[in-house]
Amino acid sequence: MLITMPRLSVTPNSKPNCSPVWLICVVLSLSAIHTQSKDVLSVPQQLSLSADKHTQQLSISWLGGAATTFDLMILRTEFNETVFYETVSVAVNQVSGWHQWNWSSVEPLECTSLSIKIRSRDGQTTSEWSNTQILQGNDLPSNEKSQMYPVDRVVPVGANTTFCCIVQEGRVFDTIRYSGTVMNTTRLSRRSYATTVVNHGPSGSSGNNVICYDNVDLTGTVAFVGYPPLLTDFVCETHDLTSAVCKWSEARDTHLYGRRGTVYSLNKRNCTQNRPQQKWKECSVAQWEGNWTLVAVNILGQYSLTDSAELSHRVRPVAPANLRSVVHAFNATVLWEWKYDSYSFLALVCQVALTCHGSKTNHTLSGVGLQSVVLSDLYPDEDYTVHIRCGAQQNFWKWGNWSEPFTFKTKTYIPDAPDVWMWMNRDNTGQVVWKPLTHRQSHGQITGYEITVWSADDNVQHTEIFSPDTTAAPVNLTQIATFSSDRKVIATVSAKNADGLSQPASVVIPLHLTDVEPLAVSRVGYTDRGFPLSWQSDANATCGYVVEWNDAVCTRDCPVEWIKVASGNTNVSVESANFQSGVRYNFSLYSCSSDAPVLLQRWQGYMQELVPSTSVRLSISQQNSDILLTWEEIAVVNRRGFLLGYNIYNSTGSELKLLANLPEQGSRSYIVKGVTDGPHKFTIKAYNSAGEDTVATGSITPEPYNDWLIMEVLISLGVTALFLVIVTFVCYKKRKWVKKAFYPDIPEPKLPGDWSRTQGPLDVKPSSHSIIHIVERPEWDSSKEALVVIPEEDEDEEGMGDEPVDTDEPTSLRYYNQVVDERPIRPRFPDSSTSSASSLDSGRTDVTYTGIQTSGSSLVFQLDPQGSSEGHQPHADQSVICGGGGGGYRPQMQPRAQSDDMGLVSPEPFLEPQAASAGGYKPQSSWHLDSPVEAGESGGLAPSLGSPTSVASTQFLLPEGEEHAEEKRQLSSSAATWFTNLLSSTKP
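Here the residue numbering is sequential within each chain, running from 1 through the sequence in written order. Selection of residues for local features in this predicted model requires a pLDDT of at least 70, selection of side-chain atom pairs for listing and counting requires 80 or more, and totals for whole chains, interfaces and linings are taken over all residues. Only hydrogens and water are set aside; all other atoms, that is, all heavy atoms of the structure, feed into the side-chain values.

Where an unreviewed UniProt entry is consulted, the protein chain appears under the name LIF receptor subunit alpha a, with the organism given as Seriola lalandi dorsalis. What the UniProt record of the protein chain gives under Subcellular location (unreviewed entry) is the line "Membrane". UniProt positions are given in the numbering used here, feature names are shortened, and annotations may be inferred rather than shown by experiment. Comment text from UniProt for the protein chain, heading Sequence similarities (unreviewed entry), reads "Belongs to the type I cytokine receptor family. Type 2 subfamily."

Quick look at the structure:
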């Protein structure tokens, strides 16, 4: 560094300047020059590298003078990528003067070349960089082969490891796989690629494969991942009272095997006889030393344990050897030998494990030098297996190992007495039953059963032999009674094998079954311990009780099971392997004594109730207007539970509609009332605690109920009769009013003159043009009486039809009383002298008869005041023609039109009936001759008087049209008035 110093010039003529500012500037300049010369740091020299490729550590050494802080930079040479750049403090070695620093690489040092350089640092001041030192990798062009690093590395579980692949020169990298998994890679150089496995899991015995693929071939390495050793349960003991055997176990598997496995040493002696797969490891020492140290070492670390003890406190005998036996029917002696003679003086305690058909019992015995054991309470003809182990009786440490299993078989013996019972049918037959002997009860192979039936009083017996597979012998009480006078017999059963007959087992059988009142049957439920039964104690049960059970469906020679209960017990739980779900069982309790068994109590129950297996048999019938449903009872075998009742549904629609729920004990019928027309469908389901049975469905279409039709007819007739009775009664009570209203008395006509003699009909022979007019009062009432003129019937109609009409012969007319308008009939001309009058209540009717005109222009009535029909001629001025006015009488025949032949006397014109007022009487018909021919034949005479009706009739035919409608209105008004009067009238 070139430093320019300020020049000082001094001249003789100048005056000295002692300014303080100038002096300060000089001092500061000198201080800066001194500091700058001091900041010049030495560059590190002689940089050297030392690589440990197994541990992937790089040791860097250099000469750096007095500096203690350095900047260290490591780069990948080929790509010039910085791998490490930090400021580190490194103290100088006072002896050698060198600085040294170690760096651990993440990637294996073989993967690629690294460049390292260093410079000194003092605060913010740094020296120049040292010369670059290069650590050569294996990816140099001169090394053309494919490579994978690290090679067969052993790493601890949970560590992270980076693997690199160097691709062969001229090939293209593809992938790196770790245990088959494709890994992410990073390119380190032109040929090198690296990947990192995070958190290693333990590997298998052959390690985990790491394979690098290129476009042609592959290369790879293996990673062994495991644990450092961890030991437990290290202990030393003696078997022969001299040597020591030390054992331990690994607390965990190291997952490292072979040359990478764990190496053990005991008191600095190698233990090589252990197998890696064994959990317990052991190492023997010829002499007991009292103190032991165990060291375990593998690549990942080491572990050590210690133990110490006295020999007498660690004695563990070996297993007995060479077992043998001496056997009998009920006991056996087992003998064995010891491997070491020193046990003859050792106090031992031994344990014998005896196994028979899976049942194991332990026997313990003690003594000095034990070599045998006696086993008692054995079963004849049984196979037994024995294991024996022993331990030191004093200062007991541990049981020794079990001996090898030893098997022996006891000898045979006579069988046990069988368990005997009986089953009696209602017809004095039955069977003696017994339970087959088990293997332990038979004491050998059963060859048969001997059955004896005998009477104690008569000393009579009968014996039979049955095969070994027989469990029942039939008995007939009727046959037995023929040779025995006693009321009971005894049946005995003995089992037989090669060693002889068993003791006989007996049961007392009554010869005559007595009819007793049936006992009430109780229900019992099943529990996890069976059917719990309990009863009251019975004093007669000297030898206990017998509980038998069988399928409730069976009634004859049933397969029965039973158990015998001691006399002091009053409850028992019945369990059997033969119990099945959905099956009803009968349970019976008998007392046992010297006499025949006595039935005390009965039960029924199911192990598990199931829904009924079948449905009821349904019948449907019509009962009048109702539907009767009847069904049969389900058989016991198909009930599979206690029936609780029946559900009755109407299934006509898409859904079931519950109609009724009937209890099981009730009637098995149901009446459905109020059934409508159309098809109906009904369903009945029996149910128990498990649910309903299958569907029983029936359909019916009700027939029409005839009784209802008859009933409806009778009701209608009754209502009609009642109505008629009421009407009759009302009419009877109001008979006077009814008579007056409907058919009043018709008064005789009261006319002036002498009417004492019988009046005959008035014969009038008018001309063909005679017309009769009745002049009525304006106040005419149809409810009043009036005289009606009706022509008398001609006696000889046939003769008159052919003869010409004689206008001089008057036509005979009759008059009858008839209800007409109440208004009085008054003549239009007050001077009419000849008239007939009749008084009807307060009204009068005046009848004026017109004279008979020969000209045919009018009809003339001839009246004799004396009532005779002789020819009194009325005056011409008495003729009255009803031409208009209130409602008078009008002819029933409409006259023809006037012609020249008709010379009318009266100058008044003839009026058509249509011109009359509507208030009076109107003709019932406009009657004409049948044809114009007939009219011509009549000689031009006017139609004869009369109407197309019988002269004996009191009414004329009703016309159609306006006249008929008018009359209907009058009749309707009259009927309404009558009905109102009937209802409002209080008097008849």
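Digging into the pairing of strand 15 (residues 192-197)
Three labels apply to residues, based on accessible area from a 1.4 Å probe with only protein chains included: buried if under 20% of the type maximum, exposed if over 50%, partly exposed otherwise in between. The secondary structure listing takes helices from DSSP runs of H or I that are at least 4 residues long and strands from runs of E that are at least 2 residues long, numbered from the N terminus. In terms of burial, strand 15 is a largely internal element, five of the six residues being buried. We call two strands paired when DSSP finds no fewer than two bridges between them. Looking at chain direction, strand 11 (residues 161-166) and strand 15 are connected through six bridges and run antiparallel. By the bridge assignment, threonine 162 is partnered in strand 15 with threonine 196. In this sheet, strand 15 lies alongside strand 14 (residues 186-187) in antiparallel orientation, the contact comprising two bridges. Directly across from threonine 186, in strand 15, lies its bridge partner alanine 194. Here strand 14 hands over to strand 15 after four residues, the two strands then running antiparallel side by side.

What about the pattern of salt bridges?
Salt bridges are defined by distance alone: a side-chain nitrogen of Lys or Arg within 4 Å of a carboxyl oxygen of Asp or Glu. With the rule as written, the count across this model stands at 21 salt bridges. Note that aspartate 381 is salt-bridged to lysine 409, the shortest N-O span being 3.4 Å. Taken together, the residues aspartate 381 in the loop between strand 29 (372-375) and strand 30 (383-392) and lysine 409 in strand 31 (residues 406-409) connect sequence positions 28 residues apart. Residue aspartate 381 is classed as buried on the basis of its relative accessible area, which comes to 11%. Its relative accessible area of 44% is what places lysine 409 among the partly exposed residues. Aspartate 419 is the partner of lysine 564 in a salt bridge, and the nearest nitrogen-oxygen pair spans 3.2 Å. On the criterion of sequence distance, the pair formed by lysine 564 in strand 43 (residues 561-565) and aspartate 419 in the loop between strand 31 and strand 32 (420-424) is long-range, its members being 145 residues apart. Because the salt bridges share partners, they merge into one network encompassing Glu78, Glu169, Arg190 and Arg191.

Observations regarding the pairing of strand 4 (residues 81-89)
Examined bridge by bridge, strand 3 (residues 69-76) and strand 4 share eight bridges and lie antiparallel to one another. By the bridge assignment for strand 4, methionine 73 is matched with tyrosine 85. Remark: four residues form the turn of the hairpin made by strand 3 and strand 4, two consecutive strands paired antiparallel; asparagine 80 in that turn has positive phi of roughly 55 degrees.

Describing the environment of isoleucine 388
With respect to the secondary-structure elements, isoleucine 388 resides in strand 30. Given the relative accessible area of 0%, isoleucine 388 is considered buried. Here the alpha-carbon distance between isoleucine 388 and leucine 354, two residues 34 residues apart in the chain, equals 9.0 Å. A contact between two residues is defined here by any heavy atoms of the two lying within 4.5 Å. Not counting residues within four places of it along the chain, the set of residues in contact with isoleucine 388 comprises Pro320, Leu323, Val334, Trp336, Gln351, Val352, Asn401, Trp402 and Ser403.

Some details on a nonpolar patch on the surface
Side chains of Leu709, Ile710, Val713, Leu714 and Leu717 sit close together on the surface and give an oily, nonpolar patch of about 490 Å² of accessible area. Residue leucine 714 is classed as exposed on the basis of its relative accessible area, which comes to 52%. The patches described consist of residues with a relative accessible area above 30% and no salt bridge, like charges being joined within 9 Å and nonpolar side chains (Val, Leu, Ile, Met, Phe, Trp, Tyr) within 5 Å. Each accessible area value is a Shrake-Rupley result obtained with a 1.4 Å probe; residue values ignore everything except the protein chains displayed when judging cover.

Section: the packing of aromatic side chains
Centres within 6.5 Å are what make two rings of Phe, Tyr or Trp a pair, Trp counting through its six-membered ring; a difference in plane orientation under 30 degrees is then read as stacked, over 60 as edge-to-face, and the rest as tilted. Counted by the stated rule, this structure contains 28 aromatic pairs. Aromatic ring contacts, followed pair by pair, group Tyr526, Phe531, Trp549, Phe579, Tyr585 and Phe587 into a single cluster. Look at NZ for Lys and CZ for Arg. If either is within 6 Å of the ring centre and within 35 degrees of the ring normal, a charge sits over the ring. Over the aromatic face of tryptophan 397 sits the side chain of arginine 314, whose NZ or CZ is 4.7 Å from the ring centroid. Over the aromatic face of tyrosine 649 sits the side chain of lysine 685, whose NZ or CZ is 5.7 Å from the ring centroid.

Some thoughts on the side chain of lysine 685
Its place among the elements puts lysine 685 in strand 52 (residues 680-688). Lysine 685 has contacts with Gly645, Tyr646, Asn647, Tyr649, Leu656, Glu692, Asp693, Thr694 and Val695, leaving out every residue within four places of it along the chain.

Description of the state of the cysteines
To count as a disulfide, a pair of cysteine sulfur atoms needs to be within 2.5 Å. A full pass over the atoms with the stated rule returns seven disulfides. A disulfide bridge connects cysteine 554 with cysteine 558, and the sulfur atoms are separated by 2.1 Å. Disulfide cysteine 554-cysteine 558: torsion about the S-S bond near -105 degrees, hence left-handed. Under the relative-accessibility criterion, cysteine 558 is labelled buried at 1%.

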